[in-house]
Amino acid sequence: MRSYICLAWIGVLTASLTLPTGCRKPEIKVYDVDKGSIDPPRALAQPSAASAAAEPIAWTPSAQWKSLPPTQFRKGNYVFSDKAGTAEITVTAFPGDTGGLLANANRWLRQASLPEISQEDLDAITVEVDLDDRATAYVLDLKAKSAAEASNRIYAAVIPYQGQSWFFKMSGPFSTVKSQIPAFSVFLRGLKFGDEATSAGSIAEHNHGEHLGDLTFTAPSGWMESAGNSIRIASYSISKEGYPPADFSITSFPGDTGGLVANVNRWRGQIGLAPWSPEKVAAATRILKNPAGLEFKVFELKPESDAEKTVSEEWIRVAIMEQGGKSFFFKLKGDAVLVDLQRDEFTALLQSVHFSHEGHNH
């Protein structure tokens, strides 16, 4: 198995993250941008003694989650309720590896009345994603293979950091947990480590004053929600007879993720195109401002010369929005003809984007 000292995302993705499909009309989507209690490992009775302001990891909970007082073991304690029930979101930390990833996964599965998995199963589903240059995490999506709506579900990230195992865990009814996976993923991507966590102090834990609110947009008619992955805020598939489906995603990360030129050239490389100079990137940048006052840098990345057209038949249309210290990426990738046909739909989606604070108590 890969080193447990890496921070990795883990998904029991045998059924993947199936999202609702079948939209035949524009659909407004809202994603946050910022059951049973699970006992801590019995062999580790003492949590970190550091105060919240001095923790080596700091976080900002989703505005949709209700904060509860911390407990002896829980450094973060939140709940989210809907018609299906209540999901608990907790943050705990314990010294060492607490018995290893498999032991923790199977303990949670037992508590959720779900079948245990083997080491081989765990190895097969392990994926690594870097959240910080000093940390990388295990995210587990533990659920019944049948994905029964009445069953329990656990979505958790295990982060080994500075000699401790940190557990960011959401548990509850299947559909309730499913609805909060986008918010939970944003929550994880916003984690701060080391000096950044220290400077953030209790603000990252409790203050929603700088929270952007809910990312809201209208999905074009005919775009079908797709499974995507845990990194994405939203994911859609666009189909047209005679062409392979195009893929649309929305992602968000802290900071500028390396800068405009690096991002543009990374995307060009994904479709086999040579990198652009900073001057070319600047010349290719198109600015779009929408009715909500949000500004996007839009790029058409496509083969242009005859030589490039022999290398790639794909296009990428992408928009970058910077808000609240984060970079948001709206990316459409697929067959050149299909992506070109979606030009107006892509622009309409950007025009609909805004942040909503409705229903939030700050």
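Below: a short report on this structure. Bear in mind that the values here come from a model prediction, so they are computed numbers and not experimental data. Along each chain, residue indices are assigned from 1 in the same order as the chain's sequence is written. Only residues with pLDDT of at least 70 are given local features in this predicted model, and only at 80 or more are side-chain atom pairs given and counted; all residues enter the totals for whole chains, interfaces and linings. As a convention, hydrogens and water are excluded, and side-chain values are obtained from all of the structure's heavy atoms.

Focus: helix H9 (residues 343–352)
Phase 1 of the analysis: For every residue, the accessible area (1.4 Å probe, protein chains only) is compared with the maximum for its type, and the residue is labelled buried under 20%, exposed over 50%, or partly exposed between those bounds. We count a stretch as a helix when DSSP gives it H or I for four or more residues in a row; a strand needs E for two or more, and each element gets its number in order from the N terminus. When we look at burial in H9, the residues that qualify are Phe346, Leu349, Leu350 and Ser352. With its buried residues spanning 165° around the axis, H9 presents them on a single face. For this quantity, the arc is that covered by the directions from the helix axis to the C-beta atoms.

Re unusual backbone geometry
Phase 1 of the analysis: Phi at Ser113 is positive, roughly 60°, even though this residue is not glycine.
Phase 2 of the analysis: Tracing the chain through its elements places Ser113 in the loop between helix H1 (101–111) and helix H2 (119–125).
Phase 3 of the analysis: On the basis of relative accessible area, Ser113 is assigned to the exposed category, the value being 65%.
Phase 4 of the analysis: One non-glycine residue, Gln162, adopts positive backbone phi at about 50°.

Remarks on helix H3 (residues 174–189)
Phase 1 of the analysis: Multiplying 1.5 Å by the residue count of a helix minus one yields the expected span of that helix. Between the first and last C-alpha of H3 there are 22 Å, a value that for 16 residues agrees with the 22 Å anticipated at 1.5 Å per step.
Phase 2 of the analysis: At Ile181, H3 is deflected by roughly 45°, the largest bend along its length, and proline Pro182 occurs up to four residues later in sequence. A residue's bend is the angle separating two fitted axes: one through the seven residues that end there, the other through the seven that start there.

Details of the packing of aromatic side chains
Phase 1 of the analysis: Pairs were defined over the aromatic rings of Phe, Tyr and Trp, the Trp ring being its six-membered one, requiring ring centres within 6.5 Å. Orientation was assigned from the angle between planes: stacked under 30 degrees, edge-to-face over 60, tilted for the rest. Inspection of every chain in the model, using the stated rule, returns 22 aromatic pairs.
Phase 2 of the analysis: Plain terms: the ring middles of Phe94 and Phe167 are 6.3 Å apart, the flat faces sit at 55° to each other, and that makes the pair tilted. Remark: Phe167 occurs in strand E12 (residues 164–173) and Phe94 occurs in strand E6 (residues 85–95); sequence separation between them is 73 residues. Phe167 shares its class with Phe94; the two are buried.
Phase 3 of the analysis: An aromatic cluster is defined as three or more aromatic residues linked by ring pairs; in this entry it consists of Trp59, Trp65, Tyr78, Tyr155, Trp166, Phe168, Phe184 and Phe187.
Phase 4 of the analysis: The criterion is that NZ of a Lys, or CZ of an Arg, lies within 6 Å of the ring centre and within 35 degrees of the ring normal, and then a charge sits over that ring. Over the face of the ring belonging to Trp276 we find Lys280, whose NZ or CZ atom lies 5.3 Å from the ring centre.

So, the sheet that holds strand E17 (residues 243–254)
Phase 1 of the analysis: In this scheme, strands are said to pair when DSSP sees at least two bridges between them. Strand order in the open sheet formed by seven strands is E15-E16-E17-E21-E20-E19-E18, and the pairing between neighbours is antiparallel. Each end of this open sheet is capped by a strand with a single partner; those strands are strand E15 (224–225) and strand E18 (286–289).
Phase 2 of the analysis: Across six bridges, strand E16 (residues 234–240) lies against E17 in antiparallel orientation. Within the sheet, the bridge partner assigned to Tyr236 lies in E17 and is Phe248.
Phase 3 of the analysis: By definition in these notes, contact holds between two residues if any of their heavy atoms fall within 4.5 Å. Note on geometry: axes are lines fitted to C-alpha atoms, helical ones only across the stretch in contact, with angles between N-to-C directions running from 0 to 180 degrees. Of the strands in this sheet, strand E19 (295–301), strand E20 (314–323) and strand E21 (326–335) touch helix H5 (residues 260–270), which is tilted by about 35° from E19.
Phase 4 of the analysis: Strands E17, E18, E19, E20 and E21 of the sheet are contacted by H9, whose axis makes an angle of about 10° with E20.

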